[in-house]
Amino acid sequence: MGYSDKHKLKTTNLQLPIRLLLGPGPSNLHPRVNQQLISSMVGYTDASYYKVMDETMELMRYLFQTDNHFTIPISGAGTAAMETCVSNLVEPGDKVVCLVSGFFSDRIYQMAVRYGANILKVDKQWGQWFGLEEIESALVQHKPSLLTLVFGETSTGVKQQMEGVGELCKKYNCLLMVDCVAALGGVPVFVDDWKIDACYTGTQKCLSGPPGISPITFSNAACHKIATRKTPVANWYLDCNLLGGYWCPEFNLADGTISKEEKSSIPRRYHHTTPANLLYSLREALVLLVEEGLDNVWKRHQDAAILLYAGLESLGLKPFVPQLNEQSEKGGRLFSLTTVIIPEGVDGKMVMKYLLDNFNIEIAGGIGAFAGKVWRIGLMGQNANPSNIKLLISSLSDALK
Ligand code: PLP
């Protein structure tokens, strides 16, 4: 009983290796983003902090290519953003269609189960994407109020076809929720043009930021659903009715109107202490995107992926997803994350260990149905550049000898 030395750690000096992170995320931090982690702490009601919040919201609209007023960062990893969408848009008994063909689309399905949805789960073999006919037939059969899908599936390296999906959802009066965690800031995504109602990402992938803060955006139709629910959102921390009171008190979620009063004169209601330093670093990551220009950023990721494919081919390695498809709204290979078939007779884990031990390069193996079958190579954010690819290909060539 009483004071004990039992758990007093003998060392206090934290030392970590410096890795080149070429897996499915996290990716390396941009130095300017890293620097913001030590910017000065201010209180969550400080006017200077409110300015950072508002600027970050505007920058996120650029990232998402949306005019959605309700565009905020969630304090938590990408999964928290996913859960924000599910917990706010699903009421017990609501009909939901979940398109599932990978690890993360299945995670959305599992969440929707927990929030009491009446679900039609449309399963497809991992590595494939959904066509318009099967989406329409699910909408006709189940008459859902929400359809969920993953745009860039990190477990398979597949980019879901988006052409026509939003139009179908509108036709059948259904909200569309899209996971863009592995794609946003690397691959073109157009929230408004694609008629997406709920979209989210993480910071630790194509934004080259630290994990723990995750942008989301909701259309006015999604906000209306959230504000007019019959039951309270079952997750208090992620309830957007409450979060809106802090991030955008000028916005009426029910009818989409914006108060004419000066924002600075409208009181913000405290909800939780947001991770200030993560917010500064997210803001910086978005400023970097603005400086480079999203179209240039997309092109850089595409060029990097094409260089990677050529390098893989020179080693006799094949991407798992055969279809290249450069048009953003078509299905095909996800430029930011490539799944590579592990050749027969090669020990995938040994190769990963060799890269890590000898070159400090991290790539990942497959997960779920793809465990042991593929490697996953991410070229995300600032890591998507030719010198990293040359280094990876020469190191892989060494590892495969
Ligand atoms: N969705 C996709 C497509 C992902 O790749 C990931 C993470 O890899 C997530 C969701 C979950 O993000 P996090 O690990 O930040 O919670």
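Rules behind the numbers
Residues numbered from 1 in each chain as written. Predicted model: local features only at pLDDT ≥ 70, side-chain atom pairs only at ≥ 80, totals over all residues. Helix = DSSP H or I, 4+ residues; strand = E, 2+ residues; numbered from the N terminus. Buried ≥ 20, exposed ≤ 12 C-beta atoms within 10 Å, placed from the backbone. UniProt positions renumbered as here; feature names shortened; annotations may be inferred. Contact = placed C-beta atoms within 7 Å. Near = placed C-beta within 6 Å. Pairing = 2+ DSSP bridges. Axes fitted to C-alpha atoms, helices over the stretch in contact; angles between N-to-C directions. pLDDT = per-residue confidence, 0-100. Arc of directions from axis to C-beta. Core = buried A, V, L, I, M, F, W, Y, C linked by C-beta atoms within 7 Å. Parallel < 35°, antiparallel > 145°, perpendicular 65-115°, else oblique. Left-handed = near helix turned anticlockwise from the far one by under 90°. Right-handed = clockwise from strand over helix to strand, strands pointing away.

**Quick look at unusual backbone geometry**
Then comes step 1: Cis rather than trans, the peptide bond between glycine 25 and proline 26 has omega equal to 5 degrees.
Then comes step 2: Note that proline 26 resides in the loop between β1 (20-21) and α1 (31-35).
Then comes step 3: Its identity is not glycine, yet glutamine 65 carries a phi of approximately 55 degrees, on the positive side.
Then comes step 4: By secondary structure assignment, the location of glutamine 65 is in the loop between α2 (47-64) and β2 (71-75).
Then comes step 5: Positive phi outside glycine occurs at lysine 143, with the angle close to 50 degrees.
Then comes step 6: Note on placement: lysine 143 falls in the loop between α5 (132-142) and β5 (146-150).
Then comes step 7: Residue classification places lysine 143 among the partly exposed residues on the basis of 13 C-beta atoms within 10 Å.

**A few points about the UniProt feature "binding site: substrate" (unreviewed entry) in the protein**
Then comes step 1: Within the UniProt annotation, "binding site: substrate" (unreviewed entry) is assigned to Arg376.
Then comes step 2: Of note, arginine 376 is situated in strand β15 (residues 374-378).
Then comes step 3: When sequence neighbours within four positions are dropped, the list of residues in contact with arginine 376 reads Gly23, Pro24, Leu337, Thr339, Ile363, Ala364 and Gly366.

**Some details on the site of the ligand**
Then comes step 1: Contacts to the ligand come from 14 residues, most closely from Ala77, Gly78, Thr79, Thr154 and Val181.
Then comes step 2: Counting residues per element, the shell around the ligand draws most heavily on helix α3 (residues 78-89), which supplies 3 residues.

**What to know about the sheet that holds strand β14 (residues 364-365)**
Then comes step 1: Spatially, 3 strands are ordered β12-β15-β14 in an open sheet, and the strand pairing comes out antiparallel. Since the sheet does not close on itself, it has two edges, and those belong to β12 (337-341) and β14, each with one partner.
Then comes step 2: Pairing of β12 with β15 involves 5 bridges; the strand directions are antiparallel. Within the sheet, the bridge partner assigned to threonine 339 lies in β15 and is arginine 376.

**Considerations on the sheet that holds strand β3 (residues 95-100)**
Then comes step 1: Spatial ordering of the open sheet is given by β2-β10-β9-β8-β5-β3-β4, a layout of 7 strands whose pairing is mixed. Sheet topology places β2 and β4 (118-123) at the edges, where each strand pairs with a single neighbour. On average, each strand axis in the sheet is inclined to that of its neighbour by 20 degrees, with strand direction left out of account.
Then comes step 2: Set on the sheet, helix α4 (residues 103-114) makes contact with β3, β4, β5 and β8 (175-179); between it and β3 the angle comes to about 160 degrees.

**Some points on the confidence of the model for the protein**
Then comes step 1: For the protein, per-residue confidence averages 97 on the pLDDT scale, and 100% of positions sit at 70 or higher.
Then comes step 2: If you check the scores for this complex, the pTM reads 0.98 and the ipTM reads 0.99.

**Quick notes on helix α8 (residues 240-247)**
For an α-helix, 3.6 residues make a turn, and residues three or four places apart therefore share a direction.
Then comes step 1: Along α8, the residues that are buried comprise Cys240, Leu243, Gly244 and Trp247. One face of α8 carries all of its buried residues, which in axial projection span an arc of 105 degrees.
Then comes step 2: Here the buried face of α8 lies against α2, β2, α3, β10 (213-218) and α7 (220-227).

**Description of the nonpolar core**
Then comes step 1: One finds Leu89 and Cys98 to be the most contacted residues of the largest nonpolar core, which totals 114 residues.
Then comes step 2: Here this core gets 8 residues from one element, more than from any other, and that element is helix α9 (residues 276-292).
Then comes step 3: Dropping the residues within four chain positions of it, cysteine 98 is found in contact with Ser105, Ile108, Tyr109, Ala112, Ile119, Lys121, Val122 and Thr148.

**Digging into the packing of α3 against α4**
Then comes step 1: The N-to-C vectors of α3 and α4 enclose an angle of 40 degrees; their axes lie 10 Å apart at closest approach. Considered as vectors, α3 and α4 are oriented oblique to each other. The two elements α3 and α4 cross, and the hand of that crossing is right-handed. Contact residues: α3 offers Met82, Glu83 and Val86, while α4 offers Arg107, Ile108, Met111 and Ala112.

**With respect to the environment of valine 158**
Then comes step 1: Structurally, valine 158 can be placed in strand β7 (residues 158-159).
Then comes step 2: A residue is classified by how many C-beta atoms lie within 10 Å of it, and valine 158, with 27 of them, is buried.
Then comes step 3: Measuring from C-alpha to C-alpha, the distance between valine 158 and glutamate 55 comes to 33 Å, with 103 residues separating the pair along the chain.
Then comes step 4: Here valine 158 is in contact with Gly102, Gly127, Trp129, Glu153, Val321 and Leu334, once residues within four sequence places are set aside.

**Brief notes about the pairing of β3**
Then comes step 1: The buried count for β3 comes to 5 of 6 residues, which makes it a mostly enclosed element.
Then comes step 2: Bridge count for β3 against β4 is 6 bridges, and the pairing is parallel. Bridging across to β4, valine 96 finds its partner in isoleucine 119.
Then comes step 3: Viewed along the sheet, the connection from β3 through α4 into β4 turns out right-handed.
Then comes step 4: Taken together, the 3 bridges between β3 and β5 define a ladder with parallel strand orientation. The partner of cysteine 98 across the bridge, within β5, is threonine 148.

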